[in-house]
Amino acid sequence: MSRNLRLAVLAALVLAVYGSGLSHTPPHLHHDEAIISLQAHSIATTGHDIEGRRMPLYFFMPHLGDRAWYQPTIIYVTALFLKFLPSAEASFRFPTAVLATLDVLLMFFVARRLFGSGRWGFVAAI
């Protein structure tokens, strides 16, 4: 089996593990997930966050504290997915599973570069 095929199989398995049970585990959206989902839905539909700012670099989350700012990656990726998926708990959580899968793949590439071995890259990713 080629390295690229093994890497694709690893990514598919990781996404399957992270993606299983997205609509019911946990049984409701956590407070952070709900706020992120609202921000993403607002960006996907209007291009503005819930505070009215157009495509902000960081997202102010007054519901989470008076100094709570979030990095935009998860919100913009979720907004992109909401352009194609219906508004549902699994749709709000799926982008997180995709980003987590990318993290595992990045761990493979960093470890392969660091240790000079594809085997150690797979060990680090697993």
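Side note on helix 5 (residues 118–125)
- All of the buried residues along helix 5 are G121, F122 and A125. Taken down its axis, helix 5 places every buried residue within 95° of arc, on the same side. Seen from the open side of helix 5, the exposed residues pointing more than 90 degrees away from its buried face are R119 and V123.
- Those residues of helix 5 that are buried are in contact with helix 1 (3–19) and helix 4 (89–115).
- In this structure S117 caps helix 5, since a side-chain oxygen of it lies 3.2 Å from the backbone nitrogen of R119.

Here's the deal with the packing of helix 4 against helix 5
- The contact between helix 4 and helix 5 brings their axes to 7 Å, and the two run at 145°. Relative to helix 5, helix 4 is oriented so that their crossing is right-handed. Here V104, M107, F108, A111, R112 and F115 of helix 4 come into contact with helix 5, specifically with G118, W120, G121, F122, A124 and A125.
- Tallied by class, residues from the contact of helix 4 with helix 5 come to nine nonpolar, two polar and one charged.

A word on helix 2 (residues 31–46)
- If you check helix 2, its first and last C-alpha atoms are 22 Å apart, about what 16 residues at 1.5 Å a residue would give, namely 22 Å.
- Along helix 2, the positions that sit buried rather than exposed are I35, I36, S37, Q39, A40, S42, I43 and A44.
- Looking at the buried residues of helix 2, the elements they touch are strand 1 (59–60), strand 2 (69–70), helix 3 (73–82) and helix 4.

Side note on unusual backbone geometry
- Phi is positive for M55, close to 40°, though the residue is something other than glycine.
- Summarising the element assignment, M55 is placed in the loop between helix 2 and strand 1.
- Taking relative accessible area as the criterion, M55 reaches 45% and is therefore assigned partly exposed.

Observations concerning the pattern of salt bridges
- Under the definition given, this model contains three salt bridges.
- Between E33 and R93 there is a salt bridge, with its nearest N and O atoms 3.0 Å apart. In this pair, E33 sits in helix 2 while R93 sits in helix 4, placing the two residues 60 residues apart along the sequence.
- With a relative accessible area of 25%, E33 lands in the partly exposed category.
- R93 gets classed as buried once you look at its relative accessible area, which sits at 6%.
- It is possible to trace a salt-bridge network through shared partners that takes in E33, E89 and R93.

Here's the deal with a nonpolar patch on the surface
- Side chains of M1, L5, V9 and L13 sit close together on the surface and give an oily, nonpolar patch of about 420 Å² of accessible area.
- In this fold, L5 is placed in helix 1.
- Of the residues examined, L5 reaches a relative accessible area of 46% and is grouped as partly exposed.

Reading the values: rules and limits
- Residues numbered from 1 in each chain as written.
- Predicted model: local features only at pLDDT ≥ 70, side-chain atom pairs only at ≥ 80, totals over all residues.
- Heavy atoms only, no water.
- Buried < 20%, exposed > 50% of the residue type's maximum accessible area, 1.4 Å probe, protein only.
- Helix = DSSP H or I, 4+ residues; strand = E, 2+ residues; numbered from the N terminus.
- Arc of directions from axis to C-beta.
- Contact = heavy atoms within 4.5 Å.
- Polar contact = N/O pair within 3.5 Å; in protein donor to acceptor, adjacent residues only side chain to side chain.
- Axes fitted to C-alpha atoms, helices over the stretch in contact; angles between N-to-C directions.
- Left-handed = near helix turned anticlockwise from the far one by under 90°.
- Nonpolar A, V, L, I, M, F, W, Y, C, P; charged D, E, K, R; others polar.
- Expected span 1.5 Å × (residues − 1).
- Salt bridge = Lys/Arg side-chain N within 4 Å of Asp/Glu carboxyl O.
- Patch = residues over 30% accessible without salt bridge, like charges linked within 9 Å, V, L, I, M, F, W, Y side chains within 5 Å.
- Areas by Shrake-Rupley, 256 points an atom, 1.4 Å probe, with all protein chains shown as cover.

Don't take any of this as a statement about function, it's just geometry.
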